[in-house]
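The primary structure of each chain is shown beneath.
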Amino acid sequence: MTKQHANWSPYDNNGGTCVAIAGSDYCVIAADTRMSTGYSILSRDYSKIHKLADRAVLSSSGFQADVKALQKVLKSRHLIYQHQHNKQMSCPAMAQLLSNTLYFKRFFPYYAFNVLGGLDEEGKGCVFTYDAVGSYERVGYGAQGSGSTLIMPFLDNQLKSPSPLLLPKQDSNTPLSEAEAVDLVKTVFASATERDIYTGDRLEIMILKADGIKTELMDLRKD
Amino acid sequence: MKLDTSGLETTMPVIGFGSNSEMLDGFSSVPSFDLPRTTDFDGFQKKAVEMVKPAKGTTTLAFIFKEGVMVAADSRASMGGYISSQSVKKIIEINPYMLGTMAGGAADCQFWHRNLGIKCRLHELANKRRISVSGASKLLANMLYSYRGMGLSVGTMIAGWDETGPGLYYVDNEGGRLKGDRFSVGSGSPYAYGVLDSGYKFDMSVEEASELARRSIYHATFRDGASGGVASVYHVGPQGWKKLSGDDVGELHYHYYPVTPVTAEHVMEEAAE
């Protein structure tokens, strides 16, 4: 008597890729706008980037329903924080909150692969990269999602900075200017679109600086 | 199944008019883990782990010697076959005189070590004295025991210096807790044990011990695919812990095995025949 396997899974993968790069006084967060399921495209215009606070922007790929639920939890916790502390959450604080929120679903994980970008307390760019159950790390640049394995090696090649674990300590933020970082992101997504079926349609880029957030859009291949 | 949620409790005062609504103040109700509503918990966990592929894999080691405790680890995290990071902090600073190492699931280790740090601090505030290494490791072991069988993956060492001197305990997700003076945990541990055991002497100086620790991690990263990145070495003495070194293992390789340059003319002459 063969074991009956469940034919319904609570998870689905909607694909997509997210990238973030931290600079000396800016942070670039980018994601494509294609949402798929299996071999079908559900939407060519679905934003995967969510602003959580003035200095913290979350970009997530994976199962978008879980991403939406996660984003709602974070937004409401941020609102409570603002009421209690009379100020916005800093990016490192939001990073830890996200890690704890993900871990609280350790036995029924959010199928969300997150990259959190923003500015830290000193105004320097910071990027935090996560796995699905909440382990996180501050890095100079990160990529998550279906195209991440195509993009990360290239970012390592262009941006690889000394590890923050080395002693004596060396600075790990990228020396790129904001324009160079945006250009790099566009290049990287154009290439990923060529070889990843789940990445494409349009690229949404958010540039976070101390004085505000700018959004840029670029068309990607729609096939 | 009744889970021990004491590790998640907070002693924050209830703000608001004694209401229990989580939305009002976010702190009053004791948080607990969401469990999936399924008849086959283990099967679900197996499938969930395959799907999300949390980061793991490692080499960590710690040993007690004359001058205290030496703790070392690599810094690679892998998700399945993909290296998700080469700069993971696997030596976690619980407080200024206690360290914890991370092996197994990265999120599990990070979360429970942070939780342990909170409990140690609460112990200090409640008892007006620092917690012992034995006590801290027991707190962690008991927490993990209550989640036994649910798929946590934690292989950690708690190293510190308390009133009884240097202390080292190994704690794992089965709830096991072992006192010892030499441990290595992780996928690269067999390789690290080889180098560590053959070079170990109780009467080593701090420099000799840190070199032994560094070399053990290097050899483990050389042979184990799931270990790599930066070899970090920490020393725990009576004054607390101090980070001694952080070296990229790629560079350590050429430090231990320098490449002798070959004269090019020799080769060219032979090819001209």
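Not measured: the values here are computed from a predicted model. What you see as residue numbers is a count from 1 along each chain, following the sequence as written. Just so you know, chain letters begin at A and ligand numbers begin at 1, following the order they were written in. Given that the model is predicted, a residue must reach a pLDDT of at least 70 before its local features are reported, and side-chain atom pairs must reach 80 or more before they are shown or counted; all residues, however, enter totals for whole chains, interfaces and linings. Just so you know, side-chain values use all the structure's heavy atoms and leave hydrogens and water out.

Asks: Whenever I open this one, the overall build of chain B confuses me. Can you help?
Replies: Scanning chain B from N- to C-terminus turns up 8 helices and 12 strands. Exposure classes here rest on a 1.4 Å probe applied to the protein chains alone. A residue is buried below 20% of its type maximum, exposed above 50%, and partly exposed in between. Per-residue burial over chain B gives 49% buried out of 273 residues. By definition, residues are in contact when any of their heavy atoms lie within 4.5 Å. For chain B, the share of sequence-separated contacts (at least 6 apart) that also reach a separation of at least 24 residues comes to 62%. All accessibility values rest on the Shrake-Rupley procedure with a 1.4 Å probe; residue burial counts only the protein chains present in the view. Accessible surface, chain B: about 13800 Å² in total, of which carbon and sulfur atoms supply 54%. Working definition: helices are DSSP H or I runs of at least four residues, strands are E runs of at least two. Numbering for both runs from the N terminus.

Asks: What should I look at first to understand the sheet that holds strand E5 (residues 91–95) of chain B in this one?
Replies: Residue and element names in this part refer to chain B. Think of it this way: DSSP has to see at least two bridges between two strands before they count as a pair. Judged by pairing direction, the sheet is antiparallel, and its 5 strands sit side by side in the order E5-E6-E7-E8-E9 without closing on themselves. Among the strands making up the open sheet, the edge pair consists of E5 and strand E9 (177–179). Each adjacent strand pair in this sheet contributes to an overall mean axis angle of 20 degrees, direction not counted. Here strand E8 (residues 165–172) runs beside E9; their pairing, made up of 3 bridges, is antiparallel. Across the sheet, residue Val-171 finds its bridge partner in E9, namely Arg-177. A fitted line through C-alpha atoms serves as each axis, taken over the contacting stretch for helices, and the angle formed by two N-to-C directions is quoted from 0 to 180°. On the sheet, helix H3 (residues 106–127) packs against E5, strand E6 (98–101) and strand E7 (155–162) and is oriented at approximately 20 degrees with respect to E5. The sheet contacts of helix H4 (residues 133–146) involve E6, E7, E8 and E9, and relative to E8 the element is tilted by about 5 degrees.

Asks: Looking at this structure, I do not really get the interface of chain B and chain A. What am I missing?
Replies: Interface size is commonly expressed as the accessible area that is lost once the parts come together. Across the contact, 48 residues belong to chain B and 35 residues belong to chain A. As used here, buried area is the combined drop in accessible area, with a 1.4 Å probe, of two parts when they are placed together. Of the roughly 3500 Å² buried where chain B meets chain A, counting both sides, 64% is carbon and sulfur surface. Across the pair Arg106(A) and Asp108(B) runs a salt bridge, and its minimum N-O distance is 2.6 Å. Between N or O atoms, a polar contact is any pair within 3.5 Å; within protein, one atom must be a potential hydrogen donor and the other a potential acceptor, and residues adjacent in sequence are included only when both atoms are from side chains. Inspection of the region where chain B meets chain A yields 10 residue pairs in polar contact (both at pLDDT 80 or more). Contributions of two or more residues to the side of chain B that touches chain A are made by helix H1 (22–25), helix H2 (41–52), strand E4 (82–85), H3, strand E11 (230–237) and strand E12 (240–248) of chain B. In terms of residue class, the side of chain B that touches chain A is built from 27 nonpolar, 10 polar and 11 charged. For this analysis, a salt bridge means a side-chain nitrogen from Lys or Arg found within 4 Å of a carboxyl oxygen belonging to Asp or Glu. In this classification, the charged set is Asp, Glu, Lys and Arg, the nonpolar set is Ala, Val, Leu, Ile, Met, Phe, Trp, Tyr, Cys and Pro, and all remaining amino acids, among them Gly, are polar.

Asks: Would you mind going over H4(B) with me for this structure?
Replies: Along an α-helix, residues three or four positions apart point the same way, because every turn accommodates 3.6 residues. All names here are of chain B. The end-to-end C-alpha separation of H4 is 20 Å, in line with the 20 Å expected for 14 residues at 1.5 Å each. All buried positions along H4 are accounted for by Val-133, Ala-136, Ser-137, Leu-140, Ala-141, Met-143 and Leu-144. Across the axial projection of H4, the buried residues extend over an arc of 160 degrees, all falling on one side. Each residue after the first adds 1.5 Å to the expected span of a helix. When we speak of the arc, we mean the arc of directions from the helix axis to the C-beta atoms.

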